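Inside the fold
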Amino acid sequence: MKKLILPAFLFASWMAFLQTDLPVKGKNFLPALGRFLSPFHGIWQNVTANPISFNIQGHTREGVKILFDERDVPHIYASNLADAMLAQGYLHAANRFFSMDLSSRSAAGRLSELFGTRTIEIDRKQRERGFEWSAIEKASHWESYPENKQIMDAYIDGIHLYTRSLSYKNWPLEYKVLSKPPVEWTAVHSALTLTNMAIALCLREDDLAYTHAQNQLSAEEFAFLFPDHNPLESPIVPRGTIWNFNPVYPGKGPSVISNGHLHPPLNDSRHEDLNGSNNWAVSGGKTKNGAPILANDPHLGLTLPNIWYEVEIHTPEMSVHGVSLPGLPLVVIGFNEDIAWGSTNSGQDVLDWYQITWQDSSRRQYLLGDQYTSSSLRPEVIQIRGQPSVIDTIRYTHWGPVSKSGPHKDMAMKWIGHQKATSNDVEYLQKINKARNLAEYRDAVAAFQYPAQNKVFASREGDIAISVAGVIPVRPSGLGERIADGSNPDLDWLGYIPIEHALHSINPERGYVSSANQAPAAPDYPYPQLGRRVFEDFRGRVVNQVLDSLNDITPRDMMALQDNSFNLHAAEVLPLMLDMIQQQNCLKEEDRPVFNRIRQWNFEYHRDSVAPVFFDLWYKNFEALVWDELDTLGIMYPEEWRLTEIVRDHADHSFFDIQDTRDAKETAADIACLSFSKMITQYHALPSLQQSSWGAYKQSVIPHLARFPLFGSDVLHTSGGRHIVNAMSKSHGPSWRMIVELSTPVKAWVNYPGGQSGHPASPHYRDMLEHYFEGAYYEVILRKDPASWSPLRQIHLTP
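Residues numbered from 1 in each chain as written. Predicted model: local features only at pLDDT ≥ 70, side-chain atom pairs only at ≥ 80, totals over all residues. Heavy atoms only, no water.

If you tally the helices and strands in the chain, you get 23 helices and 28 strands. By residue count, 60% of the 799 residues in the chain fall in the buried class. Entry remark: accessible area of the chain is about 31500 Å², with carbon and sulfur atoms responsible for 52%. (Helix = DSSP H or I, 4+ residues; strand = E, 2+ residues; numbered from the N terminus. Buried < 20%, exposed > 50% of the residue type's maximum accessible area, 1.4 Å probe, protein only. Areas by Shrake-Rupley, 256 points an atom, 1.4 Å probe, with all protein chains shown as cover.)

Next up on the list: unusual backbone geometry. Cis geometry marks the peptide bond from Leu304 to Pro305; its omega dihedral reads -5 degrees. Mapped onto the fold, Pro305 is located in the loop between strand 6 (293-301) and strand 7 (309-315). For the bond running from Thr744 to Pro745, omega is 0 degrees, close enough to zero to count as cis. Within the secondary structure, Pro745 sits in the loop between strand 25 (737-741) and strand 26 (747-751). Unlike most non-glycine residues, Ser179 shows phi in positive territory, near 55 degrees.

An order of 22-18-17-10-9-8-7-4-3-28 is seen for the ten strands of this open sheet, with the pairing classed as mixed. The outermost strands of the open sheet, each flanked by one partner alone, are strand 22 (504-506) and strand 28 (793-797). Here the average twist between neighbouring strands, direction ignored, is 15 degrees. Here strand 9 (residues 333-336) pairs with strand 10 (residues 339-345) via two bridges, running antiparallel. Considered in strand 10, the bridge of Gly334 is made with Trp341. Packing against the sheet, helix 3 (residues 81-108) makes contact with strand 3 (64-68), strand 4 (74-78), strand 7 and strand 8 (318-324), and its axis sits at approximately 165 degrees to strand 7. (Pairing = 2+ DSSP bridges. Axes fitted to C-alpha atoms, helices over the stretch in contact; angles between N-to-C directions. Contact = heavy atoms within 4.5 Å.)

With that settled, consider the packing of aromatic side chains. Describing an aromatic ring pair means giving the distance of the ring centres and the angle of the ring planes. One pass over the full model with this rule turns up 34 aromatic pairs. Ring centres of Tyr210 and Phe222 lie 6.2 Å apart, and the angle between their planes is 80 degrees; this geometry places the pair in the edge-to-face category. Taken together, the residues span a long stretch of sequence, with Tyr210 in helix 10 (residues 207-216) and Phe222 in helix 11 (residues 219-225) at a distance of twelve residues. Side by side, Tyr210 and Phe222 carry an identical accessibility label, which is buried. Summarising the aromatic geometry, the rings of Tyr772 and Phe773 are spaced 5.0 Å apart at their centres and angled 90 degrees between planes, so their arrangement reads as edge-to-face. Of the residues examined, Phe773 reaches a relative accessible area of 17% and is grouped as buried. Ring pairs connect the aromatic residues Phe566, Trp601, Phe603, Tyr605, Phe615, Tyr619, Trp694 and Tyr697, which therefore count as one cluster. (Phe/Tyr/Trp six-rings, centres within 6.5 Å; stacked < 30°, edge-to-face > 60°.)

Let us now look at the confidence of the model for the chain. Put simply, the chain has an average pLDDT of 87, and 88% of its residues get 70 or more. Low confidence marks residues 1-22, where pLDDT is under 50. Its contacts with residues over four positions away, or in another chain, come to 20 contacts. Counted against residues more than four places away or in other chains, residues 33-42, with its pLDDT under 50, gives 29 contacts. (pLDDT = per-residue confidence, 0-100.)

Looking at where Arg363 falls in the secondary structure, it is placed in the loop between strand 11 (351-355) and strand 12 (365-368). When its relative accessible area of 15% is taken as the criterion, Arg363 is described as buried. In terms of polar contacts, Arg363 uses its side chain to reach the side chain of Asp410, at 3.0 Å. Not counting residues up to four positions away in its chain, the partners in contact with Arg363 are Trp358, Ser375, Arg395, Val402, Ser403, Lys404 and Asp410. (Polar contact = N/O pair within 3.5 Å; in protein donor to acceptor, adjacent residues only side chain to side chain.)

Attention now moves to the pattern of salt bridges. Considering all chains together, one arrives at 32 salt bridges under this definition. One salt bridge connects Asp392 with Arg124, and the closest N-O pair in it is separated by 3.2 Å. Placement of the pair is Asp392 in strand 15 (residues 387-396) and Arg124 in helix 5 (residues 120-128), with a sequence separation of 268 residues. Residues Arg607 and Glu774 are paired through a salt bridge, measuring 3.5 Å at the closest nitrogen-oxygen approach. In this pair, Arg607 sits in the loop between helix 17 (592-599) and helix 18 (611-626) while Glu774 sits in the loop between helix 23 (769-773) and strand 27 (778-781), placing the two residues 167 residues apart along the sequence. Taking the relative accessible area as the measure of exposure, Arg607 reaches 21% and is therefore partly exposed. Judged by its relative accessible area of 52%, Glu774 is exposed. What emerges from the salt-bridge pattern is a single network uniting Asp101, Arg105, Arg110, Glu113 and Glu132. (Salt bridge = Lys/Arg side-chain N within 4 Å of Asp/Glu carboxyl O.)

This part is about the environment of Arg648. Of note, Arg648 is situated in helix 20 (residues 640-649). According to the relative accessible area criterion, Arg648 is partly exposed, its value standing at 47%. Separated by 71 residues in the primary sequence, Arg648 and Met577 place their C-alpha atoms 9.6 Å from one another. There is a polar contact of 2.9 Å between the side chain of Arg648 and the side chain of Asp649.

What follows concerns the sheet that holds strand 16 (residues 411-415). Taken in spatial order, the three strands line up as 16-11-20 in an open sheet, and their pairing is mixed. For this open sheet the edge positions go to strand 16 and strand 20 (484-485), each flanked by a neighbour on one side alone. Examined bridge by bridge, strand 11 and strand 16 share five bridges and lie antiparallel to one another. In the sheet register, Asp352 faces strand 16, and the bridge partner there is Lys414.

At a minimum axis separation of 11 Å, helix 17 and helix 21 (residues 668-685) run at an interaxial angle of 105 degrees. Accordingly, the angle class assigned to the pair helix 17 and helix 21 is roughly perpendicular. Here helix 17 contributes Val594, Phe595 and Ile598 to the contact with helix 21, which in turn contributes Phe676, Met679 and Ile680. Of the residues that constitute the contact of helix 17 with helix 21, the class distribution is six nonpolar, no polar and no charged. (Parallel < 35°, antiparallel > 145°, perpendicular 65-115°, else oblique. Nonpolar A, V, L, I, M, F, W, Y, C, P; charged D, E, K, R; others polar.)

Bringing the packing of helix 18 against helix 21 into the picture now. It is at 8 Å that the axes of helix 18 and helix 21 come closest, and there the two elements cross at 130 degrees. As far as their axial angle goes, helix 21 and helix 18 are oblique. In this structure, the crossing between helix 18 and helix 21 has a hand that is right-handed. Every residue of helix 21 that contacts helix 18 at Val613, Phe614, Leu617, Trp618, Asn621, Phe622, Leu625 and Val626 is listed here: Ala668, Ile671, Ala672, Leu674, Ser675, Phe676, Lys678, Met679, Gln682 and Tyr683. (Left-handed = near helix turned anticlockwise from the far one by under 90°.)

Here the focus is helix 17. Taken together, the buried positions of helix 17 are Val594, Phe595 and Ile598. Summarising the axial view, the buried residues of helix 17 lie within an arc of 100 degrees, below the 170-degree limit, and thus occupy one face. Those residues of helix 17 that are buried are in contact with helix 16 (568-584), helix 18 and helix 21. (Arc of directions from axis to C-beta.)

Tracing the backbone through its elements, the reader meets Ser693 in the loop between helix 21 and helix 22 (694-698). One polar contact links the side chain of Ser693 to the main-chain carbonyl oxygen of Arg607, over a distance of 3.2 Å. If we skip the residues at most four places from it in the chain, Ser693 touches Arg607, Asp608, Ser609, Val610, Val613 and His717.

Counting 140 residues, the largest nonpolar core has Met85, Trp308, Ile313 and Trp415 as its most contacted members. Per-element tally for this core: the top contributor is helix 3, with 16 residues. Membership of the second largest hydrophobic core comes to 59 residues, among which are Met580, Val610, Ala672 and Ile724. (Core = buried A, V, L, I, M, F, W, Y, C linked by side-chain atoms within 4.5 Å.)

Structure follows, in structure tokens:
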């Protein structure tokens, strides 16, 4: 017996070792190898083609049918909305639960619970900004409406039916890799899902950058570099619109300048990819068959799995098809039997920073008016995998939560998401999914809170419309452009733009409505401060130019427009740069073939063209040489349209003088020659493959959402880019494409870069990817009768 003790001890120790997470270099973790590698429970159970099983019998009120088409898109048939929402919740969890979990954790500041110390700074920042606190308030607001609560409860019950049925054997692959179980989902997690989208779309933080620029530049220099409006802009609401109302606005208001010490921003967010979108709707008077056509393609960071989940839902109240956002019920962008709708980011400025004046180093009381008032303290416990928890105490002021570190240290953030809800997001989703006409669309839009969106609409009745939806603050003049003095109570928001004054356009004379993240209106709109200076200045102009030129429009014309890769920015600035090269006669003979290639270019960012590579390198060098003094001062660059204007009209301006060449005074033409030479050198230094074409140079990829290797895409050769209708950049671009013809019956053509399943081993994980970048679409009609078509598989849920 004694001989067995040592082997038994060694065996037990080995098994315990296999069931324990292993730290690697103190920050990373290997999963517990025993169960991870087990053929009966571990990773091998995730390599089957369809790892999802459905086990929701006996939980619906009246039974549900779920029929799956050839792309694995579920068509839900239910006798009541609650049963449909339960089925949708289950489908979201079964296909995208890790995505849902990661999205909510990202907003809440809880990534370190999964990933350890590598994400601690992200979590600190999210906690400092109060996103989880605001989500808790939002979830409570949702549930104060009985109909909302019924929908959310049913949806969350569906999620629980999936997650609570999981044993380790059935965990999604990512949880096995991380050796962490799925989280218990609540309404707060759903609110965090929306918050995470809002962080991407309406967390505008230009106040510090503009304050720093104004502090470093003279008033004349600032006005020269950063004018209020682009005179070439083609706004969402057409110029010449008559505003027949008096604004709720008090006039000039007090100064907003803060005298506190300010740190310059860490980077220039203007050159980052914009989370924007395109949408438009054309009236029947411009289409070939007389029916309106609507198109939408929202631009977001692309991942596998895709952010969206396509679904069709049929109840007695509605028949709707489109994409849903896992974590939230109903359809976000789509169409029903009578209308279609879509969204783009409106770019409204709904965040202001206030410099706090503390009474002393304890940072407990701050100056507000003529007296000190106490901040409220909210302890934040950040759990860190493999490390002791970190406890942060966040101070909340009249303005909002206060940052403890970074460039916004000792500044309070007032953000629309922190304000008491004045509308109801879940109600909006219900109303827009069920809407039948223009009046019901407008009623739905009134219930939308944030992130501010341009909601496009078309109906079978022939109406088209677009509305800037969302709660937009009314400010004292100047607030939103500079860091505000947090001791001045007069700098608070004055209220919100009334819904009857909100920007909208209904059945305009030009026969279309459109948005591509450009300015919502011309400068004569009575409400200022709508996010000026940072709108997209080129895509919207291209869309409108194309729509102005088209008649007898077909859905195929709209597909071509969504795939349009013409770069208007290049078309406006490149001829100026080429002319300067010729004027200076600075071209080397060996560089002439490149010059001629660029000169003959049609400004199309096609994946097989090499000219966009030359322009991209040349313009970046040109821009950097022009703004070298701004780099020295840590000031953001002016927008590209303004640089084009300055090159055209002020080619001898002092900003073209290079700081490092003290014995010479350069002009724009000198910069063009120098940057062209730098471009040639950089181009020849590229790997040979990247020299061949724009697609090879850009090397687009779609990573796994948690950046797990092998779970993302290979390198994709894609057309398009920044400032282009086809806005595909390296890993950012159109996340869903939809074109809807409001005929009888309604027809649609859709696609997105990914697949329906969130499981890497599934054949539907990325099956639409290749077709997507070939410009292919899938035709969709509402299949209202489940007996009218043959699904690839189906599930019947009994009561």
